[in-house]
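Listed below, chain by chain, are the residues.
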Amino acid sequence: MPRDLDLRHVISPAVRDLIELANLGDFDRTREQISRLRGCTRPINLVGHTTTRDHATGETIRSYSTSGEPTGRLLTTCGNRRASRCPTCSRLYAADTYHLIRAGLSGGKNVPETIRAHPRIFLTLTAPSFGPVHNRTITKDGKPQPCRCGTRHPDSAPELGTPLSPKTYDHTGAVLWNAHASALWARFTLNLRRTLAANFGITQKAMNAALRISFAKVAEYQQRGLVHFHAVIRFDGPDGHTSPPPAWASTDHLLRAIKPALKRTTLTVVSDTVGDREIGWGKRFKVDEITALGDGELTDKAVAGYIAKYATKSAEDSGTVDRSLVCRTCSGRGTVGGRIRDLCPDCEGTRQAEPLRDLPVHQHVRQMIRTAWDLGGLPEFADLKLCKWAHMLGFRGHFSTKSRAYSTTLGALRDVRRAWRLAQADAARIRAGHSVPAPDTMLVTESSWAYLASGYRPGEELLANQTRHDINQAQRRKHEGLEPA
């Protein structure tokens, strides 16, 4: 039974709340909920219920309601892929991405192992130069070379990626390139198919009937604030990963087609305000053949790990912020109200959630954000929604994408975990002496859920910190060989 507590002598709000949680009753269930989140930074709080019944007999198979929880709510993981927001959920996303990429290279997850024999390459595409920047280049011997400014910058130098001459740097071109990077990739894949068909001496229709080009890619920010892409490109048969490509389609054909396809890939941006611009890829690109598992330097495992690592990164790795700068109160309009509109009380008409001049970022990043914001106010760029994506320095695409027939999907991987959890629940029912429905039994589930809030109570945050500490210690012991992996 919960008791009335006098906690006025407890100074810490977190400790006071933790004592109140322990006094609610069934404190073990409270700790179990938090430990299952494995240290999620900002879990979703839900209220509601769900019941699963046998359609034929009406027997209740499973039922759950948050009214039975000590705190009256259910905590579930946030699912954020960004490591800067939630390291726990981002690790799960990275693991899923790794298995997705790996399956398309070496098989598994309902992808046949014969996929290893398909021609495939690893491609890195970069943005063009919009002005010289501070950089750090390394010789073959591992010695750093001086920058154009004459300095040998260390790895952590804050000026890396910033313009040597901020006044002449083309911030407008850089933002517009980021904004059109995804469209440029789509145009490149189209031109790659055209180039391959021309090299094979057949029509595109004939090539598509015999050959499919599958890919998976991730976007990564460079220090100068521009994205570049890492991609796996693979030859398949017409049915995707389940069918082999024709014998006349080799890795050499794929390697030879990349450069001409890149050269012919351009987009024209029309603007009366900033002038017409032609957007294309940078001169620097890298393309390598992916070797079979364990045979060569660029193996299946290495490529999958490389892509999965960047799948959890975001624009903040280039020094920007990880939140939208559009005022939520007025949705970026600057005014509120119906017919009679008043200035938004929060942004005072600036449409910004916080003043750009106060952002804790480098001057180069601030100028990129300000340029994106200014371009977002021009009618010719309204469809780009650059104000919404100003914190991303103009980039509007997904960080991780793939073609439909590359391999499995993230949804399929989540379904496997969900099926495993249901199997565990059925096993618990058997141990408790209850019957388990047959596989062909028709089940009906009725659910009602509502969002309550995000985050922990102060006392729960202490428990979450302990969970993170225990997980980190266990990982450290495994890494040091003190415990079996």
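This one's a predicted model, so the numbers in the text were calculated from it and none came from an experiment. (Residues numbered from 1 in each chain as written. Predicted model: local features only at pLDDT ≥ 70, side-chain atom pairs only at ≥ 80, totals over all residues. Heavy atoms only, no water.)

**Q** Help me out: how do you make sense of the overall build of the protein in this one?
**A** Helices and strands together make up the secondary structure of the protein, namely ten helices and 15 strands. Each of the three principal axes of the protein carries a C-alpha extent, and together these read 75 × 60 × 60 Å. Counting across all 485 residues of the protein, residues that qualify as buried make up 42%. For the protein, long-range pairs separated by at least 24 residues make up 70% of all intrachain contacts whose partners lie at least 6 apart in sequence. (Helix = DSSP H or I, 4+ residues; strand = E, 2+ residues; numbered from the N terminus. Buried < 20%, exposed > 50% of the residue type's maximum accessible area, 1.4 Å probe, protein only. Contact = heavy atoms within 4.5 Å.)

**Q** Can you walk me through the nonpolar core in this structure?
**A** Nonpolar side chains tend toward joint burial in soluble globular proteins. With 64 residues, the main nonpolar core has Trp177, Trp185, Phe188, Leu192, Leu196, Ile233 and Trp281 as its most contacted residues. Elements that contribute at least two residues to this core include exactly β4 (120-125), α4 (171-200), β7 (212-221), β8 (227-236), α6 (251-263), β9 (266-269) and α8 (363-376). What tryptophan 177 contacts, discounting residues up to four positions off in sequence, is Thr126, Ala127, Pro128, Phe130, Leu184, Leu226, Val227, Ile279, Gly280 and Trp281. One finds Leu100, Val303, Tyr310 and Tyr406 within the second-largest nonpolar core, a separate group that totals 17 residues. (Core = buried A, V, L, I, M, F, W, Y, C linked by side-chain atoms within 4.5 Å.)

**Q** Can you walk me through the side chain of arginine 120 in this structure?
**A** By secondary structure assignment, the location of arginine 120 is in strand β4. A polar contact is formed between the side chain of arginine 120 and the backbone oxygen of leucine 105, at a distance of 2.7 Å. Within the structure, arginine 120 has its side chain in polar contact with the backbone oxygen of threonine 291 (distance 3.1 Å). (Polar contact = N/O pair within 3.5 Å; in protein donor to acceptor, adjacent residues only side chain to side chain.)

**Q** Explain the packing of aromatic side chains here, please?
**A** Where two aromatic rings form a pair, the distance of their centres and the angle of their planes describe that pair. Counted by the stated rule, this structure contains twelve aromatic pairs. Ring centres of tyrosine 221 and phenylalanine 395 lie 6.3 Å apart, and the angle between their planes is 90 degrees; on these two criteria the pair is classed as edge-to-face. In this pair, tyrosine 221 is assigned in strand β7 and phenylalanine 395 in the loop between α8 and β14 (400-402), connecting sequence segments 174 residues apart. Take phenylalanine 395: its relative accessible area is 0%, and that puts it in the buried class. The rings of Trp177, Trp185, Phe188, Phe215, Phe229 and Trp281 are connected pair by pair, giving a single aromatic cluster. A cation over a ring is seen here: lysine 217 above phenylalanine 229, with NZ or CZ 4.4 Å from the ring centre. (Phe/Tyr/Trp six-rings, centres within 6.5 Å; stacked < 30°, edge-to-face > 60°. Lys NZ or Arg CZ within 6 Å of the ring centre and 35° of its normal.)

**Q** I would appreciate a short explanation of the packing of helix α3 (residues 87-106) against helix α9 (residues 410-431) in the present structure.
**A** Any two packed helices are characterised by how steeply their axes cross, that is the angle between the axes, and by the distance between the axes. For the pair α3 and α9, interaxial distance at closest approach is 10 Å and the crossing angle is 115 degrees. Relative to α9, the element α3 is oriented roughly perpendicular. The element α3 and its partner α9 pack so that their crossing is right-handed. Here α3 contributes Leu92, Tyr93, Asp96, Thr97, His99 and Leu100 to the contact with α9, which in turn contributes Leu410, Leu413 and Arg417. Taken together, the residues of the contact of α3 with α9 break down into five nonpolar, two polar and two charged. (Axes fitted to C-alpha atoms, helices over the stretch in contact; angles between N-to-C directions. Parallel < 35°, antiparallel > 145°, perpendicular 65-115°, else oblique. Left-handed = near helix turned anticlockwise from the far one by under 90°. Nonpolar A, V, L, I, M, F, W, Y, C, P; charged D, E, K, R; others polar.)

**Q** Looking at this structure, how should I read the state of the cysteines?
**A** In protein structure, a disulfide is the covalent linkage between the sulfur atoms of two cysteines. Overall, the coordinates contain zero disulfides when judged by the stated rule. Free cysteine: cysteine 78, not disulfide-bonded; nearest cysteine sulfur from cysteine 40 at 3.6 Å. Summary of cysteine pairing: cysteine 149 is not part of a disulfide, and the nearest cysteine sulfur, belonging to cysteine 147, is at 3.8 Å. What makes cysteine 149 partly exposed here is its relative accessible area of 36%. (Disulfide = S-S within 2.5 Å.)

**Q** Which parts of the structure should I look at to understand a nonpolar patch on the surface?
**A** On the surface, a nonpolar cluster with roughly 190 Å² of combined accessible area is contributed by Val15, Ile19 and Leu462. Exposure remark for isoleucine 19: the relative accessible area of 32% places this residue in the partly exposed category. (Patch = residues over 30% accessible without salt bridge, like charges linked within 9 Å, V, L, I, M, F, W, Y side chains within 5 Å. Areas by Shrake-Rupley, 256 points an atom, 1.4 Å probe, with all protein chains shown as cover. Salt bridge = Lys/Arg side-chain N within 4 Å of Asp/Glu carboxyl O.)

**Q** What exactly am I supposed to notice about unusual backbone geometry here?
**A** Both trends apply: most residues other than glycine have a negative phi, and most peptide bonds are in trans. For aspartate 26, which is not glycine, the phi torsion reads 55 degrees and is therefore positive. Phi at serine 331 takes a positive value of approximately 55 degrees, unusual for a residue other than glycine. Tracing the backbone shows serine 331 in the loop between α7 (300-311) and β12 (335-336).

**Q** Can you help me understand the pairing of β4 in this one?
**A** Consecutive residues of a regular strand have side chains that alternate between opposite faces of the sheet. With respect to burial, β4 is a largely interior element, six of its six residues being buried. Across the two faces of β4 the burial is the same, with Arg120, Phe122 and Thr124 and Ile121, Leu123 and Leu125 all buried. Strand direction decides the pairing type here: β4 and β8, joined by six bridges, are antiparallel. Its bridge partner lying in β8, arginine 120 is registered against arginine 234. Sheet analysis places β4 next to strand β11 (residues 285-289), joined by five bridges and oriented antiparallel. In the sheet register, leucine 123 faces β11, and the bridge partner there is valine 287. (Pairing = 2+ DSSP bridges.)

**Q** Would you take a moment to explain the pattern of salt bridges for this structure?
**A** Side chains carrying opposite charge are able to pair once their charged atoms draw close together. Following the criterion strictly, the structure yields 20 salt bridges and no others. As a salt-bridge pair, arginine 136 and aspartate 155 come within 2.6 Å of each other at their nearest N and O atoms. Residue arginine 136 is found in the loop between β4 and β5 (137-138), and its partner aspartate 155 is found in the loop between β6 (144-145) and α4; the two are separated by 19 residues along the sequence. For arginine 136, a relative accessible area of 31% corresponds to the partly exposed category. For aspartate 170, the salt bridge is made with arginine 277, and the minimal N-O distance between the two is 2.9 Å. Pair noted here: aspartate 170 is in the loop between β6 and α4 and arginine 277 is in strand β10 (residues 277-280), with a separation of 107 residues, a long-range link. Judged by relative accessible area, aspartate 170 falls into the partly exposed class, the value being 24%.

**Q** Looking at this structure, how should I read the packing of helix α2 (residues 27-36) against helix α10 (residues 458-479)?
**A** Two elements in contact, α2 and α10, have axes separated by 9 Å at closest approach and are oriented at 55 degrees. Overall, the two elements α2 and α10 adopt an arrangement that is oblique. For the pair α2 and α10, the crossing hand works out as right-handed. Side by side, α2 and α10 meet where Phe27, Arg31, Ile34 and Ser35 of the first sit next to Glu460, Leu463, Ala464 and Thr467 of the second. Here the contact of α2 with α10 is built from residues that sort into four nonpolar, two polar and two charged.

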